[in-house]
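Tertiary structure, described
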Amino acid sequence: MSILGRGKKRYTGAHQSLAFSRRMLLVSGAQAAVGASLVARLGYLAVAQNEHYKLLSESNRVQLIPVPPRRGWVVDRNDKPIAINRASFRVDIVPQQLENAPAVIAALTNLLDLSPDDVERITRDLAAAKGFQPVSVVDNVDYAKYAAVTVRLPELPGVTPSRGYARFYPAGSAVGQLVGYVGTANAKEYAAENKNPLLNIPGFKIGKEGLEKALEPMLRGEPGGQRVEVTARGKVVRELTAKPDRSGGTVELTIDADLHEYAARRIGDQSAAVVVLDVANGDILAMPSMPSFDPNNFSDGISGNEWKMLSQNDHLPLVDKTLESLYPSGSTIKPSMAMALLNAGIDRRQVVVCNGVYPLGNHVFHCDRRHGAVDMTRAIEQSCDVYFYTMCVRVGADKLAPMVRSMGFGEKFDLPFDNQRFGTVPDPEWMQRKYHRKWQAYDTVNMSIGQGMVLINAMQLATMASRLATGRRVIPRLLRNKPVAPQAQLAVDQDHLNFIRTAMAGVVEHGTAASAKFPIEGIRMA
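Being a predicted model, the structure only gives us computed values, none of them experimental.

Looking now at the overall build of the chain. Assigned secondary structure in the chain consists of 20 helices and 18 strands. Buried positions account for 42% of the 526 residues belonging to the chain. Restricting to contacts in the chain with at least 6 residues of sequence separation, those with at least 24 account for 71%. About 28,600 Å² of surface is accessible on the chain, with carbon and sulfur atoms providing 55% of the total.

Written out as structure tokens, the structure is:
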């Protein structure tokens with residue numbers, strides 16, 4: 001036994017005590033390190049991250065309900081309303097507060113006479129709803145139905161009837177093409193504004209066409225908000241502070257609403273447009289395009305049948321005929337052509353014999369009748385095509401086009417519309433660039449009487465008349481807060497200008513437009 005145990009190591013009580021003490025020291029050190037790290041972490045969260053977690057806690061307890069701003073008004077030069085807001089009633093559903101959705105929707109269907117399409121839309125929107133975003137049930141509901149829902153609110157958890165504002169246009173279709181209309185933002189518009197949550201608020205609408213669209217930043221205003229305290233289940237406990245919304249700005253137009261509406265009524269059911277300019281400063285006093293659409297119908301939500309009827313109407317009620325439609329100028333170009341001829345050195349007394357035809361190559365161009373011997377005065381008064389064929393071919397398009405453009409034809413004006421089309425005043429350079437061919441004499445013949453490739457709009461035609469009347473470069477203006485553009489003198493001889501005015505007056509007094517002569521003594525029309 002003594003031999004076998006001679007190499008075995010013995011552990012005494014002192015050895016065991018020392019080993020235990022070392023282990024305890026290691027465990028205590030580890031515990032202290034863990035405790036210190038926990039204390040440091042708690043200190044970091046409580047002090048350094050205090051504001052961050054305070055905000056997270058606040059966002060769980062407090063919800064911000066956005067309040068849409070009221071849209072700015074559009075008024076005429078005399079502050080008469082053209083586009084305003086009027087009180088409206090609507091019914092929404094807050095999904096987080098909704099209980100027994102099928103029963104609530106069935107009750108609303110009976111109270112509000114909802115169609116199957118409406119019920120399907122509401123069900124679909126509720127399924128996709130998030131947060132406190134309300135789901136629209138109906139807009140612009142009449143007061144009787146609104147009151148019926150209001151008195152039954154205890155039976156309709158989650159339903160929130162409210163009063164708001166809807167866009168209203170007192171003149172209806174007379175201002176359709178002028179102001180445009182508003183509507184709910186679509187997916188493309190929502191994405192274009194970086195998913196602005198304001199666009200998702202039921203009943204909030206943005207400009208879709210016309211001034212409503214072009215002046216959207218000015219008219220929209222800034223949204224407000226209502227902070228409410230809620231429970232974990234989303235129930236509102238109390239209302240906290242509110243941030244008021246700021247209404248959009250008022251837009252003042254140069255339009256005279258009474259004159260504009262009168263002109264629209266005079267057009268009646270014809271397809272036409274009227275432009276009235278103040279030649280002193282370029283103010284647009286009226287620019288109705290008829291027939292048109294009633295923007296109130298678009299504001300409330302247009303039906304598929306009504307849209308189909310408008311879009312298929314051959315009188316084009318969806319097209320602005322003052323700026324968007326282009327037409328051959330016809331004989332209205334002749335005063336400008338006469339000015340170009342005078343500027344090129346043509347003697348106004350020189351006579352051309354009109355036999356009713358003008359042969360050119362293997363083609364014959366016609367006049368409306370045989371005028372006989374005509375000078376420039378009689379050519380303007382009687383609208384003789386052969387005179388202008390002859391003289392314009394003699395001078396050439398290169399000398400005609402610049403004068404015609406200086407009168408406003410082919411010019412794009414600085415107006416708040418994105419649908420403006422400015423047409424064409426052709427010349428040899430344009431022909432080569434556009435069609436890759438040389439200018440021919442027959443192109444000049446067509447151009448001389450406003451046919452062929454000449455295209456203008458009604459605003460340009462009114463501008464031409466204004467510039468001939470004043471001898472200055474009148475520029476149309478629609479917004480009253482915009483400075484009047486400087487009106488430079490036209491590069492024409494005053495004697496030539498006086499001659500053209502006299503000849504234009506002769507058109508009405510004893511020429512082709514004698515039926516338009518004013519029956520009022522002392523007032524002349526050209």
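That covers the picture; the talk isn't over yet.
What follows is about the pattern of salt bridges. Side chains that carry opposite charge are capable of pairing whenever their charged atoms lie near each other. Using the criterion set out here, one finds 26 salt bridges in the structure. Among the salt bridges present, the one from Lys208 reaches Glu189, with a minimum N-O distance of 2.7 Å. Taken together, the positions of Lys208 in strand 7 (residues 206-209) and Glu189 in helix 7 (residues 187-192) put the pair 19 residues apart, joining distant regions of the chain. On the accessibility criterion, Lys208 (15% relative accessible area) is buried. Judged by relative accessible area, Glu189 falls into the partly exposed class, the value being 21%.

For the rest of this paragraph, the subject is the packing of aromatic side chains. Following the criterion strictly, the structure yields 11 aromatic pairs and no others. Chaining the aromatic ring pairs together yields one cluster made of Tyr181, Phe293, Phe298 and Trp307. Note that Arg348 overlies the ring of Phe499, its terminal NZ or CZ placed 4.7 Å from the centroid.

Turning to the packing of helix 19 (residues 458-470) against helix 20 (residues 494-510), a few remarks are in order. The geometry of helix 19 relative to helix 20 is characterised by a closest axis approach of 9 Å and an angle of 120 degrees between their N-to-C directions. When the axis of helix 19 is compared with that of helix 20, the two are oblique. Contacts between helix 19 and helix 20 involve Leu468, Ala469 and Thr470 from the first element and Leu497, Ile500, Arg501 and Met504 from the second. In terms of residue class, the contact of helix 19 with helix 20 is made up of 5 nonpolar, 1 polar and 1 charged.

Here the focus is the packing of helix 3 (residues 101-112) against helix 5 (residues 143-150). Geometrically, a packed helix pair is captured by the angle between its two axes and the distance between the axes. Between helix 3 and helix 5, the least distance of the axes is 9 Å, while the angle of their chain directions is 150 degrees. The hand of the helix 3/helix 5 crossing is right-handed. Taken together, the residues of helix 5 that come into contact with helix 3 (itself represented by Leu108, Leu111 and Leu112) are Lys145, Ala148 and Val149. Across the contact of helix 3 with helix 5, the residue classes break down as 5 nonpolar, no polar and 1 charged.

What follows covers the nonpolar core. Counting 51 residues, the largest nonpolar core has Leu341, Met376, Ile380, Tyr387, Phe388, Met447 and Ile500 as the members making the most contacts within it. For this core, the leading source of residues is helix 15 (residues 385-395), giving 7 residues. Val74, Ile82, Val251 and Ile255 belong to the second-largest nonpolar core, a separate cluster that totals 28 residues.

A word on a nonpolar patch on the surface. Together, Phe518, Ile520, Ile523 and Met525 line one region of the surface with nonpolar side chains, adding up to about 350 Å² of accessible area. Within the secondary structure layout, Ile520 lies in the segment after helix 20.

The subject of this paragraph is the environment of Glu155. Tracing the chain through its elements places Glu155 in the loop between helix 5 and strand 5 (159-168). Remark: the alpha-carbon pair of Glu155 and Ala107, spanning 48 residues in sequence, is separated by 9.1 Å.

What follows concerns the confidence of the model for the chain. In the predicted model, the chain carries a mean pLDDT of 87, and 88% of its residues have values of at least 70. Highest mean pLDDT in the chain belongs to strand 13 (residues 284-286) (98); lowest belongs to helix 2 (residues 50-61) (56). pLDDT under 50 marks residues 1-5. Its contacts with residues more than four places away, or in other chains, come to 0 contacts.

Moving on, we come to the environment of His371. Checked against the element boundaries, His371 lands in the loop between strand 17 (363-366) and strand 18 (372-374). Accessibility expressed as a relative area gives 5% for His371, which makes it buried. Along the primary structure His371 and Asn355 are separated by 16 residues, whereas in three dimensions their C-alpha atoms are 6.7 Å apart. Here His371 is in contact with Cys354, Arg378, Gln382, Ser383 and Cys384, once residues within four sequence places are set aside. Within polar-contact distance, the side chain of His371 engages the backbone oxygen of Gln382 at 3.4 Å.

Let's shift gears to unusual backbone geometry. For the bond from Met290 to Pro291, the omega torsion is -10 degrees, close enough to zero to count as cis. Secondary-structure assignment places Pro291 in the loop between strand 14 (289-290) and helix 11 (295-300). In this structure, Asp113 is a non-glycine residue whose phi angle is positive, near 55 degrees. Among the secondary structure elements, Asp113 is positioned in the loop between helix 3 and helix 4 (116-128).

Thresholds applied
- Residues numbered from 1 in each chain as written.
- Predicted model: local features only at pLDDT ≥ 70, side-chain atom pairs only at ≥ 80, totals over all residues.
- Heavy atoms only, no water.
- Helix = DSSP H or I, 4+ residues; strand = E, 2+ residues; numbered from the N terminus.
- Buried < 20%, exposed > 50% of the residue type's maximum accessible area, 1.4 Å probe, protein only.
- Contact = heavy atoms within 4.5 Å.
- Areas by Shrake-Rupley, 256 points an atom, 1.4 Å probe, with all protein chains shown as cover.
- Salt bridge = Lys/Arg side-chain N within 4 Å of Asp/Glu carboxyl O.
- Phe/Tyr/Trp six-rings, centres within 6.5 Å; stacked < 30°, edge-to-face > 60°.
- Lys NZ or Arg CZ within 6 Å of the ring centre and 35° of its normal.
- Axes fitted to C-alpha atoms, helices over the stretch in contact; angles between N-to-C directions.
- Parallel < 35°, antiparallel > 145°, perpendicular 65-115°, else oblique.
- Nonpolar A, V, L, I, M, F, W, Y, C, P; charged D, E, K, R; others polar.
- Left-handed = near helix turned anticlockwise from the far one by under 90°.
- Core = buried A, V, L, I, M, F, W, Y, C linked by side-chain atoms within 4.5 Å.
- Patch = residues over 30% accessible without salt bridge, like charges linked within 9 Å, V, L, I, M, F, W, Y side chains within 5 Å.
- pLDDT = per-residue confidence, 0-100.
- Polar contact = N/O pair within 3.5 Å; in protein donor to acceptor, adjacent residues only side chain to side chain.

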